[in-house]
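What follows is each chain in one-letter form.
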Amino acid sequence: MVHHRFLIVTYPLQGHINPAIHFAKRLVAMGVDVTFATSARRMFHKPTIPGLSFATIPDGSDDGGKVGDIGWYMSELRRRGSECVRNMITATAEEGRPFTCVAYTPLLAWVAEVAREFQLPRALLWIQPATVFDIYYHYLHDCDNEYLSLKSEDPTSIELPGLPFSVSLTKRDLPSFILPSNAYAWALPSFKEQFKELDHETKPRILVNTFEELEPEALRAFDNLTMVPIGPLIPSPLDGKDLSHTADDYLQWLDSKPRLSVVYVSFGTLAVLPMKQMEEVARALLDGGYPFLWAIKEKAEELSCIEELEQRGKVVKWCSQVEVLSHPSLGCFVTHCGWNSTMEGLASGVPMVGFPQWTDQTTNAKLLEDLWKAGVRLDDKVNEEGMVEAEEIRMCLELVMGTGEKGQELRKNANRWKSLAWKAVEEGGSSATNMRTFLDDLGK
């Protein structure tokens, strides 16, 4: 039997690092040696686990480079990173313990190119839903196709073969990077390169942070590639405790609240709402009357009602999200619908109010509301200034937190997904079995 040794290379953002590190932990638990590589400045807490080691991918930031220039950064990461990965592969082979597979997250097509030079098996670790992969695939393989005629201002529905929507997609449901309004010029070419690299392979394997029961149709949308669901790649509640933050008392605060009574608000590590929108969120929380825990990483002191917020709820700069979501007092999660947060909400059985901002978040919110029916969505309720007003937010909170038919349905569905998510990663579950099959196939 082959003793596997993986190299996992991840783009240096928490949305990539978090699922990749849980993938690494799963591999190590299955007897695989793993080297985890990313930019040093992005890796804050490195778990100490036998069989898991860490390597630094240089990106130019330590040499006074133009890190704020994303075009320069992507170019420098490719140039330096390719050389670094090439050297790691060569060194381990010379030491007699070669890598048997290279896995990488999106935006790093150059990792696959280097692995191909050495004829090493490689796998894309897709950190978004299978549905989002399918949308990108259709768009990038035929930008003028009949399914995604995005240049038109006509808001009519968009139907994609193989996708499971009883209600069709519209433009607002698509990943922002493929829309004409996309302001991030570097993003779409990076995804295009990613998919072009997959086209070099025969029946490429894409490891997807989802589970079979969540996206069965989307996982089988194509015959020329294999999507392998191995999620959810999230920490269990028992893994959530971070001793470096024991000074925070938010858990004791949650302990003091009744079951299903608390609204938790977090917009992730990257999304920054305009202060005007933050004021509307704040007013909705105060008007709603529910106990609330709001994680705001910066500028909380600029809110005009910060004193009232701190008196009537709990405002923190950081919290262990998995611990919060798994707490019995949690009744609702107001989220930007990043995929990690969405999966953590589903796996915790907490219904959500989706407030998507960009990238895949709009598609995730669509899935959450219309397919999985475990939440409601806010971003279609903007006023002429592009803001969602406090009253709309408060009404959504009442809908999700309420004991009426809609609130009961959302909670019932959320609890169903929680059960299915954890069954998938248990021994004999769909994702656990897929991981084992993937490793066995590598050894052939």
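Residues numbered from 1 in each chain as written. Predicted model: local features only at pLDDT ≥ 70, side-chain atom pairs only at ≥ 80, totals over all residues. Heavy atoms only, no water.

## Description of the nonpolar core
Here is step 1: With 56 residues, the main nonpolar core has Trp126 and Phe133 as its most contacted residues.
Here is step 2: Of all the secondary-structure elements, those providing two or more residues to this core are strand 1 (5–9), helix 2 (70–94), strand 4 (101–104), helix 3 (109–117), strand 5 (122–126), helix 4 (130–141), helix 5 (187–199) and strand 6 (205–208).
Here is step 3: Setting aside residues no more than four positions away along its own chain, Phe133 makes contact with Leu124, Trp126, Phe195, Leu198, Ile206, Phe222, Leu225 and Met227. (Core = buried A, V, L, I, M, F, W, Y, C linked by side-chain atoms within 4.5 Å. Buried < 20%, exposed > 50% of the residue type's maximum accessible area, 1.4 Å probe, protein only. Helix = DSSP H or I, 4+ residues; strand = E, 2+ residues; numbered from the N terminus. Contact = heavy atoms within 4.5 Å.)

## Quick notes on the pattern of salt bridges
Here is step 1: Applying the stated criterion to the full structure yields 19 salt bridges.
Here is step 2: In this structure, Arg122 engages Glu201 in a salt bridge whose closest nitrogen and oxygen atoms are separated by 3.4 Å. On the criterion of sequence distance, the pair formed by Arg122 in strand 5 and Glu201 in the loop between helix 5 and strand 6 is long-range, its members being 79 residues apart. For the pair Arg122 and Glu201, a shared accessibility class is recorded, and that class is buried.
Here is step 3: The partner of Lys276 in a salt bridge is Glu385, with the nearest N and O atoms 2.5 Å apart. (Salt bridge = Lys/Arg side-chain N within 4 Å of Asp/Glu carboxyl O.)

## Observations regarding the sheet that holds strand 6
Here is step 1: The parallel open sheet is built from seven strands, whose spatial order is 3-2-1-4-5-6-7. Each of the sheet's edge strands pairs with one partner strand only, and the pair in question is strand 3 (52–56) and strand 7 (226–229). Recorded for the sheet is a direction-independent mean angle of 25° between the axes of neighbouring strands.
Here is step 2: Relative to strand 7, strand 6 is paired through four bridges, and the arrangement is parallel. Bridge assignment links Leu207 to a residue of strand 7, and that residue is Val228. (Pairing = 2+ DSSP bridges. Axes fitted to C-alpha atoms, helices over the stretch in contact; angles between N-to-C directions.)

## Let's talk about the packing of aromatic side chains
Aromatic rings considered in pairs are described by the distance between their centres and by the relative angle of their planes.
Here is step 1: Scanning the entire structure with this criterion turns up 22 aromatic pairs.
Here is step 2: Judged by centre distance (6.4 Å) and plane angle (40°), the ring pair of Tyr136 and Phe195 falls under tilted. Here Tyr136 is found in helix 4, whereas its partner Phe195 is found in helix 5, with 59 residues between them in sequence. Comparing Tyr136 with Phe195, the two get one shared label, buried.
Here is step 3: A network of ring pairs unites the aromatic residues Trp126, Phe133, Tyr136, Tyr137, Phe177, Tyr184, Trp186, Phe191, Phe195, Phe222 and Trp358 as a single cluster. (Phe/Tyr/Trp six-rings, centres within 6.5 Å; stacked < 30°, edge-to-face > 60°.)

## Considering the sheet that holds strand 10 (residues 314–316)
Here is step 1: Spatial strand order, 10-9-8-11-12-13: six strands in an open sheet with parallel pairing. Each edge of the open sheet is held by one strand with a lone partner, namely strand 10 and strand 13 (375–377). For this sheet, the mean inter-axis angle between neighbouring strands, taken without regard to orientation, is 15°.
Here is step 2: Sheet topology places strand 12 (residues 352–354) next to strand 13; three bridges connect them, and they run parallel.

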